[in-house]
Amino acid sequence: MPPKSTNDAKVRRGLQSTNALGFPCVILCGGRSKRMGQDKVTLPFGNGLLVQFCFQSMQKYFSEVFVCVKWDNGATSIPKQNIIAESNTPIDKTNTSLFSPLFGIKRAFEVLDSPFIAFMSVDSPFLNGRYFAELFTHLEEKNAQVAYISQILSHQESKEHFLLSIWCKDTVEAIEKALQKGEFKIASLIHTLNSTHINVRDKLLSINCNTKEEYQNALKILECLDSKASFQKQSL
């Protein structure tokens, strides 16, 4: 049974009365996890798995949250109705041409009835969901097809986070053409679209879980954040 559709009226309002964005968020989990050496989705994080941490975090900001996987092997512990599978059968992980986030973005628009979808990568657990409200406002103001986060690192340096973004449904045709041509890099496609970005100063955006070392560092930061939150709660 496909996930329920997003109401267009809610999308136009942007934020609903519950402060939840009126279009879906999809967590992309279709990578090979080559540098990690194991599926990042099943990494322990917080009180559950990494994917569950991201899922619950985005539920604070979106009325609907979904997880997009290459194929559903039941390892995510996410409700079935919230899982989008790119394939019904296991994928050959040695075939690198099958592993582009563009496949997940395309599949999400095929499954979800929404003119806009927010995307994030499962290896970015400290993403603040509030940025998506600003992204959506910027997307509409600029009448753009894609809006993404640009992280300010210094006065002269920034990092573009193309997987932390909002896409319009009218990008699907361009995505399909890129995939047909074997052009799998998301950056290359975005630069051909009508795109915009917001500038963000947030050191936590640099904390990813792509390697074992980065994962261990993320666990330490999570522990520090939990301790800080606990202290502030006790001080109230």
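Residues numbered from 1 in each chain as written. Predicted model: local features only at pLDDT ≥ 70, side-chain atom pairs only at ≥ 80, totals over all residues. Heavy atoms only, no water.

1. Observations concerning the layout of surface pockets
In this structure, the second largest pocket occupies an estimated 550 Å³ of space. Among the secondary structure elements, those contributing two or more residues to the lining of the second largest pocket are strand S3 (48–49), helix H2 (50–58) and helix H7 (212–235). The element that contributes the greatest number of residues to the lining of the second largest pocket is H2, accounting for 4 residues. (1 Å grid on protein atoms, 1.4 Å probe; cavity = no way out; pocket = protein on both sides within 12 Å on 5 of 7 lines; lining within 4 Å. Points joined across faces, edges and corners; volume = space filled by probe spheres on them. Helix = DSSP H or I, 4+ residues; strand = E, 2+ residues; numbered from the N terminus.)

2. Things to note about the side chain of Gln145
Note on placement: Gln145 falls in the loop between helix H4 (131–141) and strand S7 (146–152). Judged by its relative accessible area of 18%, Gln145 falls in the buried class. Dropping the residues within four chain positions of it, Gln145 is found in contact with Leu139, Ile166, Trp167, Cys168, Asp170, Thr171, Leu193 and Asn194. (Buried < 20%, exposed > 50% of the residue type's maximum accessible area, 1.4 Å probe, protein only. Contact = heavy atoms within 4.5 Å.)

3. Focus: the nonpolar core
Counting residues in hydrophobic clusters, the biggest one holds 49 residues, and the most contacted among them are Ile27, Phe62, Met120, Phe132, Ile149 and Ile166. Sequence-distant contacts of Ile166, defined by excluding residues within four places in its chain, comprise Phe23, Phe116, Ile117, Ala118, Phe132, Leu135, Phe136, Leu139, Gln145, Val146 and Ala147. Counting residues in each nonpolar core, the second largest holds 25 residues, with Val111, Leu112, Val172 and Ala178 among its members. (Core = buried A, V, L, I, M, F, W, Y, C linked by side-chain atoms within 4.5 Å.)

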